[in-house]
Amino acid sequence: MTRLDRHADAAEQARIVALALPYLRRYAGATIVVKYGGHAMGEEALADEFGRDIALLKQVGINPVVVHGGGPQINAMLSRLKIQSTFVDGLRVTDAAMVEVVEMVLAGTVNKMVAGLINRAGALAVGICGKDGGLIRARKLTRAGRDPDGAIEQALDLGFVGEPEHVDVRVIHALTGAGLIPVIAPVGAGADGATYNINADTVAGAIAGALGADRLLMLTDVPGVLDHNGTLMPDLSIPQIDSLRAKGTISGGMIPKVETCIDAVRHGVKGATILDGRVHHACLLELFTEGGIGTMIHA
């Protein structure tokens, strides 16, 4: 590389930083909840990049809070232990033996791996789960189904699968107030002390709402919400989403993600975005560029 090329590179880097300045001001002191999972977690290069990007957010005065999943890692451990999984509506039926494995993987291996990515990038991250500091009080999740003949609706027992009943954010405030980044595994405790496996998207939305976060970023394996032509819709209000669902434009696995975003917005989050975590620097592009790269849902 010639000296002229180096100067051109440096000038381009300076230009990018200057363009980001208005967004850095907008989010100074803001709380950003990031749900991390999917291929962004499974690919080493993307994972390292994610850790650096979260560290950068902290460095520029933002308070990131990370909630992670870990379905593939749970599947791998259950396969090693020769334990079969059953799913109902995308939720893993979790008996007493399986919930021990789920907690070990999510609150142990995966949680410390994600915190380690951020720590290696120069920030200070602390891995916790919903059982720590009374963060998430969970209740048993119930689902209704029909018998094989389809004649009678009956309750389906999913075992130790839960949903947030109450979120106490004091432990998060204690960590962020000390300059640390909370990294949260989606495991909670019931009123009776039982451990519950909770969907990571649901936990991220509940925590964002309880914190009154400025933004919720849901990293997925899709670009966002697409219209009937497959084109990304960058900005949607709750009434627009209701209309799109009625038309069938929003369907399948996108419905629970959209519902999580809507619930977070109704609890005070200014904007909840579904975006593609496979895109390099997805969080930075969403926060620091005009229009972002995903679908932002707002009131």
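See the structure above.
This text gives an overview of the structure that appears in the document. (Residues numbered from 1 in each chain as written. Predicted model: local features only at pLDDT ≥ 70, side-chain atom pairs only at ≥ 80, totals over all residues. Heavy atoms only, no water.)

**Description of the overall build of the protein chain**
Next up, step 1: Secondary structure assignment for the protein chain yields 10 helices and 16 strands.
Next up, step 2: Relative to the 2.2 N^0.38 estimate, which gives 19 Å for 299 residues, the radius of gyration of the protein chain is 20 Å and therefore close to what a compact globule would have.
Next up, step 3: Oriented by its inertia axes, the alpha-carbon framework of the protein chain measures out at about 75 × 40 × 35 Å.
Next up, step 4: Per-residue burial for the protein chain yields a buried fraction of 47% across its 299 residues.
Next up, step 5: A sequence separation of at least 24 residues applies to 72% of the contacts in the protein chain between residues at least 6 apart.
Next up, step 6: For the protein chain, the computed accessible surface area is about 14,400 Å², with 54% contributed by carbon and sulfur atoms.
Next up, step 7: Of note, the protein chain has its 27 positive side-chain charges centred 5 Å away from the centre of its 32 negative side-chain charges. (Helix = DSSP H or I, 4+ residues; strand = E, 2+ residues; numbered from the N terminus. Rg over C-alpha atoms; globule rule 2.2 N^0.38 Å. Buried < 20%, exposed > 50% of the residue type's maximum accessible area, 1.4 Å probe, protein only. Contact = heavy atoms within 4.5 Å. Areas by Shrake-Rupley, 256 points an atom, 1.4 Å probe, with all protein chains shown as cover. Lys, Arg positive; Asp, Glu negative; His and termini not counted. Charge placed at Lys NZ, Arg CZ, Asp CG, Glu CD.)

**Topic: unusual backbone geometry**
Next up, step 1: The phi dihedral of Lys82 falls on the positive side, at around 60°, and the residue is not glycine.
Next up, step 2: Positionally, Lys82 belongs in the loop between helix H4 (71-80) and strand E3 (87-88).
Next up, step 3: Unlike most non-glycine residues, His281 shows phi in positive territory, near 55°.
Next up, step 4: Along the chain, the position of His281 falls in the loop between strand E15 (271-276) and helix H10 (282-288).
Next up, step 5: Classification of His281 as partly exposed rests on a relative accessible area of 32%.

**Comments concerning the environment of Leu226**
Next up, step 1: Along the polypeptide, Leu226 turns up in the loop between strand E13 (215-220) and strand E14 (235-237).
Next up, step 2: Its relative accessible area of 32% is what places Leu226 among the partly exposed residues.
Next up, step 3: The sequence separation of Leu226 and Thr249 amounts to 23 residues, and the corresponding C-alpha distance is 7.7 Å.
Next up, step 4: Leu226 has contacts with Thr231, Leu232, Met233 and Thr249, leaving out every residue within four places of it along the chain.

**Notes on the packing of H4 against helix H5 (residues 96-120)**
Next up, step 1: At a closest axis distance of 10 Å, the pairing of H4 and H5 adopts a crossing angle of 130°. In terms of orientation, H4 lies oblique with respect to H5. Taken as a pair, H4 and H5 cross one another with a handedness that is right-handed. For the pair H4 and H5, contact is made by Gln73, Ile74, Met77 and Leu78 and by Met98, Val101, Val102, Met104, Val105, Leu106 and Val110, respectively.
Next up, step 2: Of the residues in the contact of H4 with H5, the class split is 10 nonpolar, 1 polar and no charged. (Axes fitted to C-alpha atoms, helices over the stretch in contact; angles between N-to-C directions. Parallel < 35°, antiparallel > 145°, perpendicular 65-115°, else oblique. Left-handed = near helix turned anticlockwise from the far one by under 90°. Nonpolar A, V, L, I, M, F, W, Y, C, P; charged D, E, K, R; others polar.)

**Considerations on the environment of Cys261**
Next up, step 1: Mapped onto the elements, Cys261 comes out in helix H9 (residues 254-266).
Next up, step 2: Given a relative accessible area of 0%, Cys261 falls into the buried group.
Next up, step 3: Look past the residues within four positions of Cys261 in its chain and what remains in contact with it is Met218, Ala272, Ile274 and Ile297.

**Things to note about the nonpolar core**
Nonpolar side chains in soluble globular proteins generally cluster together in the buried interior.
Next up, step 1: Membership of the largest hydrophobic core comes to 45 residues, with the highest contact counts inside it found for Tyr36, Phe50 and Phe288.
Next up, step 2: Top element by residues in this core is H5. It accounts for 11 residues.
Next up, step 3: Not counting chain neighbours up to four residues away, the residues in contact with Tyr36 comprise Met41, Ala47, Phe50, Val66, Val67, His68, Gly69, Val114, Leu117 and Leu219.
Next up, step 4: Formed by 42 residues, the second largest nonpolar core is a distinct cluster that contains Ile136, Ala138, Ala208 and Ile297. (Core = buried A, V, L, I, M, F, W, Y, C linked by side-chain atoms within 4.5 Å.)

**Topic: the pairing of strand E12 (residues 195-198)**
Next up, step 1: Of the two faces of E12, the one carrying Thr195 and Asn197 and the one carrying Tyr196 and Ile198 are both buried.
Next up, step 2: For strand E11 (residues 187-190) and E12, the ladder comprises 3 bridges, and the chain directions are antiparallel. Pairing of Gly188 across the sheet is with Tyr196, part of E12.
Next up, step 3: Connecting E11 to the next strand, E12, in antiparallel fashion are 4 residues, including Gly193 with a positive phi near 90°. (Pairing = 2+ DSSP bridges.)

**Overview of the side chain of Thr31**
Next up, step 1: Following the sequence through the fold, Thr31 ends up in strand E1 (residues 31-36).
Next up, step 2: What Thr31 contacts, discounting residues up to four positions off in sequence, is Asn63, Val65, Leu211, Ala213, Asp214 and Arg215.

**Quick notes on the side chain of Ser237**
Next up, step 1: With respect to the helices and strands, Ser237 occurs in strand E14.
Next up, step 2: Accessibility expressed as a relative area gives 12% for Ser237, which makes it buried.
Next up, step 3: Discounting chain neighbours no more than four positions away, the residues touching Ser237 are His298 and Ala299.

**Concerning the packing of aromatic side chains**
Next up, step 1: Per the stated rule, a full pass over the model turns up 2 aromatic pairs.
Next up, step 2: On the numbers, 3.8 Å between centres and 0° between planes, the contact of Tyr36 with Phe50 is stacked. Placement of Tyr36 in strand E1 and of Phe50 in helix H3 (residues 44-59) is noted, with a sequence separation of 14 residues between them. Residues Tyr36 and Phe50 agree in their burial class; the two are buried.
Next up, step 3: Between the aromatic rings of Phe160 and Tyr196, the centroid separation amounts to 5.9 Å while the plane-to-plane angle is 50°, which identifies the pairing as tilted. One end of the pair, Phe160, is in the loop between strand E8 (153-156) and strand E9 (161-167); the other, Tyr196, is in strand E12, with 36 residues separating them in the sequence.
Next up, step 4: By relative accessible area, which is 27% here, Phe160 ends up partly exposed.
Next up, step 5: Taking the relative accessible area as the measure of exposure, Tyr196 reaches 10% and is therefore buried. (Phe/Tyr/Trp six-rings, centres within 6.5 Å; stacked < 30°, edge-to-face > 60°.)

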